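Letter by letter, the chains look like this.
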Amino acid sequence: MAKEKKAPSLALSLLVFLAVAVMILLGVLVYGTDVHIILILGAILAGVVGVTVLGYQYDEIEKGIIDGIMVGMQACLILYTVGPLVGSWISSGVVPSMIYYGLSILSPSIFLFATLIICSVVALATGTSWGTSGTVGIALLGIALGLGIPAPLTAGVIISGAYFGDKMSPLSDTTNLAPAVSGTDLFQHIRAMVWTTGPTYVIVIAITLFLGFGYAGGELDTTKIAALQDMFQKEFWISPISLIAPLAVIVLSAMRKPALPSLWAGIFIAVIFQFVEGINFGTILDVMQNGYAPALSAEIAGAAEDPAALAALLSQHAINYAPEIALEAANDVVSLMERGGLQSMNWTISLILCAFTFGSVMNVCGYLKVILEAIMKPVRSIGGLVMAVIASCLVCDIFLGDQYLSIAMPGTMFKDTFDAKGLHPRMLSRSLEDCGTLVSVLIPWNTCGAYHAGIFDIPTLAYAPYAFLNYLNPIVAIVMTYLGIGIFWKGKDGEPVRGGRTRPANLA
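All of the points below concern the structure found in this document.

What counts and how
Residues numbered from 1 in each chain as written. Predicted model: local features only at pLDDT ≥ 70, side-chain atom pairs only at ≥ 80, totals over all residues. Heavy atoms only, no water. Helix = DSSP H or I, 4+ residues; strand = E, 2+ residues; numbered from the N terminus. Buried < 20%, exposed > 50% of the residue type's maximum accessible area, 1.4 Å probe, protein only. Contact = heavy atoms within 4.5 Å. Salt bridge = Lys/Arg side-chain N within 4 Å of Asp/Glu carboxyl O. Phe/Tyr/Trp six-rings, centres within 6.5 Å; stacked < 30°, edge-to-face > 60°. Lys NZ or Arg CZ within 6 Å of the ring centre and 35° of its normal. Pairing = 2+ DSSP bridges. Core = buried A, V, L, I, M, F, W, Y, C linked by side-chain atoms within 4.5 Å. Disulfide = S-S within 2.5 Å. Polar contact = N/O pair within 3.5 Å; in protein donor to acceptor, adjacent residues only side chain to side chain.

## Some remarks on the environment of Leu-353
Looking at the secondary structure, you find Leu-353 in helix α18 (residues 346-364). Leu-353 gets classed as partly exposed once you look at its relative accessible area, which sits at 30%. On a C-alpha basis, the gap between Leu-353 and Ala-21 in space is 18 Å, while along the polypeptide they are 332 residues apart. Other than its neighbours up to four places away in sequence, Leu-353 contacts Ile-69, Met-73 and Cys-76.

## A short note on the pattern of salt bridges
Side-chain pairing between opposite charges can occur once the charged atoms of the two side chains come close. Taken as a whole and judged by the stated rule, the model has 5 salt bridges. Across the pair Glu-60 and Lys-5 runs a salt bridge whose closest N-O atoms are separated by 2.5 Å. Taken together, the positions of Glu-60 in helix α3 (residues 58-71) and Lys-5 in the segment before α1 (10-30) put the pair 55 residues apart, joining distant regions of the chain. Relative accessible area serves as the criterion here: at 43%, Lys-5 is assigned to the partly exposed category. Between Lys-234 and Asp-230 there is a salt bridge, and its shortest N-O distance comes to 2.8 Å. Placement of both Lys-234 and Asp-230 in helix α11 (residues 222-235) is noted, with a separation of 4 residues, approximately one turn of the helix. Of the residues examined, Lys-234 reaches a relative accessible area of 32% and is grouped as partly exposed. For Asp-230, a relative accessible area of 13% puts it in the buried group.

## Brief notes about the packing of aromatic side chains
Considering all chains together, one arrives at 11 aromatic pairs under this definition. Ring geometry for Trp-264 against Phe-268: centres 5.7 Å apart, planes inclined by 40°, an arrangement best described as tilted. On the criterion of helical spacing, the pair formed by Trp-264 and Phe-268 is a turn pair, its members being 4 residues apart in helix α13 (residues 259-276). Exposure remark for Trp-264: the relative accessible area of 29% places this residue in the partly exposed category. Aromatic side chains Phe-468 and Tyr-471 sit 6.4 Å apart centroid to centroid with 65° between the ring planes, which places their arrangement in the edge-to-face category. Of this pair, Phe-468 and Tyr-471 both sit in helix α25 (residues 468-482), 3 residues apart, which is roughly one turn of that helix. For Phe-468, a relative accessible area of 8% puts it in the buried group. With a relative accessible area of 30%, Tyr-471 lands in the partly exposed category. One aromatic cluster is present, formed by Phe-232, Phe-236 and Tyr-292 through successive ring pairs. We note Arg-426 situated over the ring of Phe-488; from NZ or CZ to the ring centre the distance is 4.1 Å.

## Some thoughts on the side chain of Asn-473
Note that Asn-473 resides in helix α25. The contacts of Asn-473, once residues within four sequence positions are left out, are Lys-167, Thr-196, Thr-197, Thr-200, Asp-434 and Leu-438.

## Comments concerning the pairing of strand β2 (residues 496-499)
Relative to β2, strand β1 (residues 487-490) is paired through 4 bridges, and the arrangement is antiparallel. Its bridge partner being in β2, Ile-487 is matched across the sheet by Gly-499. The turn linking β1 back onto β2 is made up of 5 residues, and Gly-494 within it adopts a positive phi angle of 90°.

## Thoughts on the nonpolar core
Ranked by internal contacts, the top residues of the largest apolar core, which has 160 residues, are Trp-89, Ile-300, Met-337 and Tyr-367. Broken down by element, the residue count for this core peaks at 10 residues, all from helix α20 (residues 382-400). Excluding residues that lie within four positions of it along the chain, Met-337 makes contacts with Ile-90, Val-95, Pro-96, Ile-99, Ile-138, Phe-232, Phe-236, Tyr-292 and Pro-294.

## Re the state of the cysteines
According to the stated counting rule, one finds 0 disulfides in the structure shown. Cysteine Cys-354 shares no disulfide, and the gap to the nearest cysteine sulfur, in Cys-76, comes to 11 Å. Summary of cysteine pairing: Cys-435 is not part of a disulfide, and the nearest cysteine sulfur, belonging to Cys-393, is at 5.2 Å. We classify Cys-435 as buried; its relative accessible area is 2%.

## Some words on the side chain of Asn-446
Secondary-structure assignment places Asn-446 in the loop between α22 (425-439) and α23 (447-456). Separated by 3.0 Å, the side chain of Asn-446 and the backbone oxygen of Asp-397 make a polar contact.

Just distances and angles here, no functional claims.
Quick look at the structure:
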């Protein structure tokens, strides 16, 4: 006879959370291991307690895991598209051309501001922060290299722009998920986000302009920039025509075409470019599968210990720079361009699956629900309610390791509370994205943090201080709510009615 199921106590729920937190901290910070197996062990621990103490059946937990993983399948499909996209855009010359022309037109004083705007526009049009960072972001990181701007600072600004565009784009999966779990519609949600994300974006613009001026007085390393451009010309096809590929993706996305077909259109255009360049079909498929591996630049970098061989290579390819400058340029090209391919996404996708496995067990057994309910007990004001949602999203981002769960779980939990308070559901959906979407990329073991650390080859904690939008937006949202700015109540016809910190009398 099956045991009668019972809800976990707060003490038990916190004990399970703390046990997994200790395992994560030991694994990541002490032993430097990946978090995948730790999340699986956490799921096993939570599941064993659920079966032996709470009376759950294994079949229930397994079904919950499968259902939870299915929520993340769209993210996995996007990742498996971004991998071939990055490889094909590098091999065809799309990304190298962006870097080449960017080195020609950008100066240090405007670079950070331009980076923020470019990434915002691309992500807004495509609906993907990951795709923006993995393509345009890599190109801009290469330009920063030539301009002498620190890579962590550039990566943080790239992420700020990419996440702003993603957050505000109707094509984004998180922008659709948040209103879905909150009970409002997509465009109500986007309009609500303007109130908190708009002011934050203005602050970030001011920061990037200010920081950019700090590089205006320095001299550009024109020799290094010229050497980089020359190396790109020797290794890749450089042409403004190549920019048709990203423009096509932007146009298709602006026409509200689905993200996956739009991204694949960008891949197919790049494939056509590769055929025109004389690259055989087998090589094209290999690049899409395994990523691009630089040839000439890798050969030059490999000759660093043989001065005679290095001199012969430079002479053979008419590279007229001092050997040390040519070597530096070659190493930069290799570090930037050796990436992409479907297989390169497996680490991140496996992390998503592990994160959803752990999160689903926590959900099925009721641990997270108990903890979130405890968070709500001291809440007495609208500002406190919004802060509770943001705190819950932060907890989920840290312990569940994925932004989708950090939106779905608190959204489900707080939906009835917002309704009981008379607040329009757009307030909840906005709060979910103000933290759940944005903070995820600042956590090393979160799927978003792991992905961006991987594609930029920069530790999450190194770029996090410069991802200004991502940590300022939750703060701005809380402050504005306590000030009574941008609060929306549910009108009698269900439409949002703007008011202050208390419900308008005519809606009571």
